[in-house]
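Coordinates in review
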Amino acid sequence: MIFFKPSSKATLLITLLWVSCFYTSNTLAKDYFPLITYQCDTAKDILLVTNTLLKDGKEKDFKYSDADGTYSPWDMVTLKNNTITDTSSIKKECKLSGATYTVILEPQIFNYDLTGQCGANISTAITILSNNTEIQERKPFEFYCTGNIKIITGIKVIGNTGEIKTRKTPRHKYY
């Protein structure tokens, strides 16, 4: 029977926890699919972009639609041999009381090799312009594919003031 020193046990435990967190993160990403929604509500004088997940089987039947303002970052990339080879963006305009806002959505890529670390993960980044002047520089909804960094789940622009409000949630609550 092999005995470990207390410090060796702690090192082994930390290593096992780190490895299990890494694999759990990548496994979850394969089972969930990002859903980005865009809504320009002139009656309420707001522009709203949300970031949620399709899960529990909903991702199998969900149809993303520009007409409905629903987007997937996976539709903004071109894949070849498990590698992202090209990207595109979506540009939407919303005329509210204070200005005409342009929202640019583009994929947030953690690893172009889909078999590598974080390769199964993808998110979205947003840029907002007001009358062609950038008021929100490119901001990823998710900054990295692991760890418990907060994830942006909503961005609201209030038309009459131009104020931008951001809603965030911890990663463990998002996934």
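To start, this report covers the structure provided alongside it. Counting restarts for each chain, with residues numbered from 1 along the sequence as it is written. Local features are withheld for residues below a pLDDT of 70 in this predicted model, meaning they are given only at 70 or higher, and side-chain atom pairs are given and counted only at 80 or more; totals for whole chains, interfaces and linings count all residues. Based on all heavy atoms of the structure, the side-chain values leave hydrogens and waters out of the count.

Remarks on the overall build of the protein
Put simply, DSSP H or I for four residues or longer makes a helix, DSSP E for two residues or longer makes a strand, and each gets a number counted from the N terminus. Check the secondary structure of the protein and you find three helices and eleven strands. For the protein, the α and β elements follow one another from N to C terminus as α-β-β-α-β-β-β-β-β-β-β-β-β-α. In the protein, buried positions account for 43% of the 175 residues. Roughly 10400 Å² of accessible area belongs to the protein as shown, and the carbon and sulfur atoms make up 53% of that amount. Only protein chains enter the accessibility calculation, which uses a 1.4 Å probe; a residue is then buried when its area is under 20% of its type maximum, exposed when over 50%, and partly exposed in between. Computed by Shrake-Rupley with a 1.4 Å probe, the accessible areas treat only the displayed protein chains as cover when residues are assessed.

Topic: the environment of Ala-43
Inspection of the secondary structure puts Ala-43 in the loop between strand 1 (33-41) and strand 2 (46-54). In sequence terms Ala-43 and Leu-96 are 53 residues apart; their C-alpha atoms lie 8.9 Å from each other.

Digging into the packing of aromatic side chains
Between 30 and 60 degrees the pair is tilted, below 30 it is stacked and above 60 it is edge-to-face, where a pair is any two Phe, Tyr or Trp rings, Trp via its six-membered ring, whose centres lie within 6.5 Å. Scanning the model with the defined rule gives three aromatic pairs in all. For the ring pair Phe-62 and Tyr-64, a centre distance of 5.1 Å and an interplane angle of 70° mean the geometry is edge-to-face. With relative accessibility at 27%, the residue Tyr-64 sits in the partly exposed group. Ring geometry for Phe-110 against Tyr-144: centres 6.4 Å apart, planes inclined by 75°, an arrangement best described as edge-to-face. You can see Phe-110 sitting in the loop between strand 7 (100-109) and strand 8 (122-130) and its partner Tyr-144 sitting in the loop between strand 9 (133-140) and strand 10 (151-158), a full 34 residues away along the chain. On the basis of relative accessible area, Tyr-144 is assigned to the partly exposed category, the value being 36%.

Observations regarding the state of the cysteines
Disulfides are defined as pairs of cysteine sulfur atoms found within 2.5 Å of each other. By the definition in use, this model includes two disulfides. Sulfur-sulfur distance for the disulfide between Cys-40 and Cys-94 comes to 2.0 Å. Because the torsion about its S-S bond is 75°, the bridge between Cys-40 and Cys-94 counts as right-handed. Of this pair, Cys-40 sits in strand 1 while Cys-94 sits in strand 6 (residues 90-95), and the two are 54 residues apart along the sequence. You can call Cys-40 partly exposed: its relative accessible area is 30%. Between the sulfur atoms of Cys-118 and its disulfide partner Cys-145 the distance amounts to 1.5 Å. Residue Cys-118 is found in the loop between strand 7 and strand 8, and its partner Cys-145 is found in the loop between strand 9 and strand 10; the two are separated by 27 residues along the sequence. For the pair formed by Cys-118 and Cys-145, the shared burial category is buried. Cysteine pairing for the protein (bonded cysteines numbered in sequence order): 1-2, 3-4.

From the geometry alone we can't say anything about function, so treat these as descriptive.
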